[in-house]
Amino acid sequence: MMTKLRMAALLAAGLAFGGIAQAATKPAEMKVGISTYTSGSASVFGVPGKEAAELWIEQFNAAGGLDGVKLTPVFIDEGMGSDKVLTEYRRLVQEQGVNVMLSAISSGNCNVVAPVAEDLKVLNILWDCGTEKALENKNYQYVVRTQANAVSEMVATVLYLLKVHPDFKTIAVVNQDYAWGRDSWEIFRTTLQALKPDVRVVAEMFPKFGAPDFSTEITRLQALRPDVILNTSWGGDLDTFARQASQRGLARNSLLVLPLLESSLDRVGAVLPDGVIAGARGDHYYLHPTYKDDPKHQAFVEAFQARTKTNPIYPVYHMVQALEGMVAAYEKAIADNNGEWPEIEQVAAAMKGLEFRGLTSPVRIREDGQGLEDQLLGTLKRHDGETIPRIDNVMVIPADMVTTPVGEVSAEWIKTLTPDILESERLTFISQ
């Protein structure tokens, strides 16, 4: 007869190695912690992300919820600063029993919360931040990202620029003076050097984050007259730069490349000239040529427009992707667990290798937790006398072409790119 001690040992071994299915107590409700900017300059896309979460969860609960369990969002304002965000993060997990966190927008916050999520054993979905450093060679169990990172976004921008304007000779950059501004420029510059080494950088300017005035930088750029001006800023900084650059006629002599413009287009598009290159941090655009008439996409866009009186921007899409990915992982874990509610470790494991669809192209989560997300770029063009230009001459660049392979270091992988990539048949334009 098996002793109680022997039985306990076998049970422990089964739990450790997955030999015995685990089942958690099915909750009456499932709280989901979400950090986003609801104050400060970043709230211009943090608030749309929050509105997207509220709308999507409302619709999801009305349809029956997750295996009958209703979701309840609990929000953290990233505008409080990293220290307070982390305090609230711990409180939600340790005091309110939150097992899933969608955090964060800020790359700095993502770098802070990722190791904490591992310590607390809570599933953390990096839902919007761009830094590749959050996951690269980290081997996290509980941390995944449901969208691309800065490498994918900047490499794709270089590819699009070289496809539409292959003959430029000089470039200048005006970026925010903090990690994102400097890191995104480093990725962009390294990619450009690999694919078009004859381009000369004539100015590198990093005004203070939140700067209210860019007259000094614009005056210098007007004197230098570079062929291309890159600005990877976002939120209020991008809005301010775009307005002041347009007022001063900066685009008359230089091509503006704004990889995050989609999120500001409704606010500043009226002052920007046709021809500006715009990015969408993924393939997120409510007028996406492939998905604008897709029933799932169209229904959510119309519901979001009706509720907010605004068009959805990329944080809206990233939020929906994170929630869709979370639900897909839970459904997979439940199925693998013979229909029983899973432990969070099972859900975290189910995220790896998962393929799901948000509102546009499908996303796949690699074994290192990094999401593969296609990238949409295009050129501004007004249609039929419209005040706000559309993103036209669209190219959707496949994620695997522009994402650092598993186990490699981005800074080194980028250097291995060759001009041959520009001849790929996968780099094709789709009409607006």
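Residue positions are given per chain, counting from 1 as you read along its sequence in written order. Totals for whole chains, interfaces and linings use every residue, but because this is a predicted model, local features are given only for residues with pLDDT of at least 70 and side-chain atom pairs only at 80 or more, for both listing and counting. Note: side-chain values were computed over all heavy atoms of the structure, leaving out hydrogens and water.

Some words on the state of the cysteines
What counts, and what does not: A pair of sulfur atoms, both from cysteines and within 2.5 Å, is called a disulfide here. The helix count covers DSSP runs of H or I at least four residues long, the strand count covers runs of E at least two residues long, and both are numbered beginning at the N terminus. Any residue under 20% of the maximum accessible area for its type is buried, any over 50% is exposed, and the rest in between are partly exposed; the area is computed with a 1.4 Å probe on protein chains only.
If you walk through the whole model with that rule in mind, you get one disulfide. Covalently, cysteine 110 is tied to cysteine 129 through a disulfide, its sulfur atoms 2.1 Å apart. The S-S bond linking cysteine 110 to cysteine 129 shows a torsion near -105°; that makes this disulfide left-handed. Linking cysteine 110 in helix H4 (residues 107-120) with cysteine 129 in the loop between strand S4 (123-126) and strand S5 (143-145), this pair joins segments that are 19 residues apart in sequence. Both residues of the pair, cysteine 110 and cysteine 129, count as buried.

Topic: the sheet that holds strand S7 (residues 200-205)
The criterion, for reference: Pairing between two strands requires that DSSP report at least two bridges joining them.
Read across the sheet, eight strands follow the order S7-S6-S8-S9-S10-S14-S15-S16 without closing on themselves; strand pairing throughout is mixed. One side of each edge strand has no neighbouring strand; the edge strands of this open sheet are S7 and strand S16 (429-430). Pairing of strand S10 (residues 277-279) with strand S14 (residues 375-381) involves three bridges; the strand directions are antiparallel. When the sheet's bridge partners are listed, alanine 278 is paired in S14 with glycine 378.

Observations regarding the pattern of salt bridges
Here the idea is simple: oppositely charged side chains can pair when their charged atoms come close. Threshold: Salt bridges are identified by distance alone: a Lys or Arg side-chain nitrogen within 4 Å of an Asp or Glu carboxyl oxygen.
Counted by the stated rule, this structure contains 23 salt bridges. For glutamate 132, the salt bridge is made with lysine 133, and the minimal N-O distance between the two is 3.3 Å. Relative accessible area serves as the criterion here: at 9%, glutamate 132 is assigned to the buried category. Relative accessible area serves as the criterion here: at 40%, lysine 133 is assigned to the partly exposed category. Note that glutamate 153 is salt-bridged to arginine 281, the shortest N-O span being 3.0 Å. With glutamate 153 in helix H5 (residues 150-164) and arginine 281 in the loop between S10 and helix H10 (295-308), this residue pair connects regions lying 128 residues apart in the sequence. Both residues of the pair, glutamate 153 and arginine 281, belong to the buried class. Three or more residues joined by partner-sharing salt bridges are found here, namely Asp128, Glu153 and Arg281.

Observations concerning helix H8 (residues 235-247)
Because an α-helix packs 3.6 residues into every turn, residues spaced three or four apart end up facing the same way. In plain terms, the rule: What a helix is expected to span follows from its residue count: subtract one and scale by 1.5 Å. Residue contacts follow a heavy-atom distance rule, with two residues in contact if any of their heavy atoms lie within 4.5 Å.
Its 13 residues place the ends of H8 19 Å apart at the C-alpha level, agreeing with the 18 Å of an ideal helix rising 1.5 Å per residue. By the burial criterion, the buried members of H8 are Gly235, Asp237, Leu238, Asp239, Thr240, Phe241, Ala242, Gln244 and Ala245. Buried positions along H8 lie against helix H2 (43-62), strand S6 (170-174), helix H7 (215-224), strand S8 (228-230), strand S9 (255-258) and helix H9 (265-268). Positive backbone phi, approximately 70°, marks glycine 249, located one or two places after H8.

Some thoughts on the side chain of glutamate 324
This is how the line gets drawn: Throughout this description, a polar contact denotes any pair of N or O atoms lying within 3.5 Å of each other; where both atoms belong to protein, one of them has to be capable of donating a hydrogen while the other can accept it, and for residues adjacent in sequence the pair is counted only when both atoms sit in side chains.
Tracing the chain through its elements places glutamate 324 in helix H11 (residues 314-336). Judged by its relative accessible area of 17%, glutamate 324 is buried. A polar side-chain atom of glutamate 324 sits 3.3 Å from a polar atom in the side chain of tryptophan 56. Contact partners of glutamate 324, with chain neighbours within four places excluded, come to Trp56, Lys296, Phe356, Arg357 and Gly358.

Brief notes about the sheet that holds strand S13 (residues 371-372)
Spatially, three strands are ordered S11-S12-S13 in an open sheet, and the strand pairing comes out antiparallel. Two strands bound the open sheet, and with one partner strand each, they are strand S11 (355-357) and S13. Bridge count between S11 and strand S12 (residues 362-365): three bridges; the pairing is antiparallel. Bridging from a neighbouring strand, phenylalanine 356 pairs with valine 363 of S12.

Things to note about the nonpolar core
The tendency in soluble globular proteins is for nonpolar side chains to be buried side by side. We count it as follows: In this text, buried Ala, Val, Leu, Ile, Met, Phe, Trp, Tyr and Cys residues form a nonpolar core when linked through side-chain atoms within 4.5 Å.
Grouped together as the largest cluster of nonpolar side chains are 92 residues, with contacts concentrated most on Met30, Leu102 and Met326. Among the elements that line this core, the one with the most residues is H11, at 14 residues. Sequence-distant contacts of methionine 326, that is, excluding residues within four places in its chain, are made with Met30, Val32, Leu71, Val100, Ile125 and Met351. Core analysis: the second largest hydrophobic core is formed by 31 residues, Ala211, Ile229, Leu238 and Val396 among them.

Points about the packing of aromatic side chains
We describe a pair of aromatic rings using the distance from one ring centre to the other and the angle between the two ring planes. The following threshold applies: Stacked, tilted and edge-to-face are the three classes assigned to paired rings of Phe, Tyr and Trp, where Trp is represented by its six-membered ring and a pair needs centres within 6.5 Å; plane angles under 30 degrees give stacked, over 60 edge-to-face, the rest tilted.
According to the stated counting rule, one finds ten aromatic pairs in the structure shown. Here phenylalanine 45 and tyrosine 314 contribute two aromatic rings whose centre-to-centre distance is 5.7 Å and whose plane-to-plane angle is 35°, an arrangement assigned as tilted. Here phenylalanine 45 is found in helix H2, whereas its partner tyrosine 314 is found in helix H11, with 269 residues between them in sequence. On the basis of relative accessibility, which here comes to 3%, the residue phenylalanine 45 falls in the buried class.

Topic: the environment of alanine 303
Position of alanine 303 among the secondary structure elements: in helix H10. Placed 49 residues apart in sequence, alanine 303 and lysine 352 show a C-alpha to C-alpha distance of 31 Å. Once residues lying within four places of it in the same chain are set aside, the contact partners of alanine 303 are Leu55 and Gln59.

A short note on the packing of H2 against H11
Just so we agree on the cut-off: Note on geometry: axes are C-alpha line fits, over the in-contact stretch for helices, and angles between N-to-C directions span 0 to 180 degrees. Comment on the angle field: the value is read as roughly parallel under 35 degrees, roughly antiparallel over 145, roughly perpendicular from 65 to 115, and oblique elsewhere. By convention the crossing between two helices is left-handed if the near helix lies anticlockwise of the far one by an angle smaller than a right angle, and right-handed if it lies clockwise. Lys, Arg, Asp and Glu make up the charged group, whereas Ala, Val, Leu, Ile, Met, Phe, Trp, Tyr, Cys and Pro make up the nonpolar group; the residues left over, Gly among them, are polar.
At a minimum axis distance of 8 Å, the contact between H2 and H11 shows a crossing angle of 40°. Relative to H11, the element H2 lies oblique. H2 and H11 meet at a crossing whose hand is right-handed. For the pair formed by H2 and H11, the contact residues are Phe45, Pro48, Gly49, Ala52, Ala53, Trp56, Ile57 and Phe60 on the first element and Tyr314, Pro315, Val316, Met319, Val320, Leu323, Glu324 and Val327 on the second. A per-class count over the contact of H2 with H11 returns 14 nonpolar, one polar and one charged.

Some points on the confidence of the model for the chain
Heads up, the condition is: Note on scores: pLDDT gives the predictor's confidence for each residue, bounded by 0 and 100.
For the chain, mean pLDDT is 94; residues scoring 70 or higher make up 95% of the total. For residues 1-20, every residue scores under 50 in pLDDT, and the model assigns this stretch eight contacts once sequence neighbours within four places are set aside.

Here's the deal with the pairing of S12
Residues Val363 and Ile365 of S12 are buried on one face, while the alternating residues Pro362 and Arg364, pointing to the opposite face, are not. Following S11, the chain reverses through four residues before pairing antiparallel with S12. Adjacent in sequence and paired antiparallel, S12 and S13 are bridged by five residues, among which glycine 369 carries a positive phi angle near 90°.

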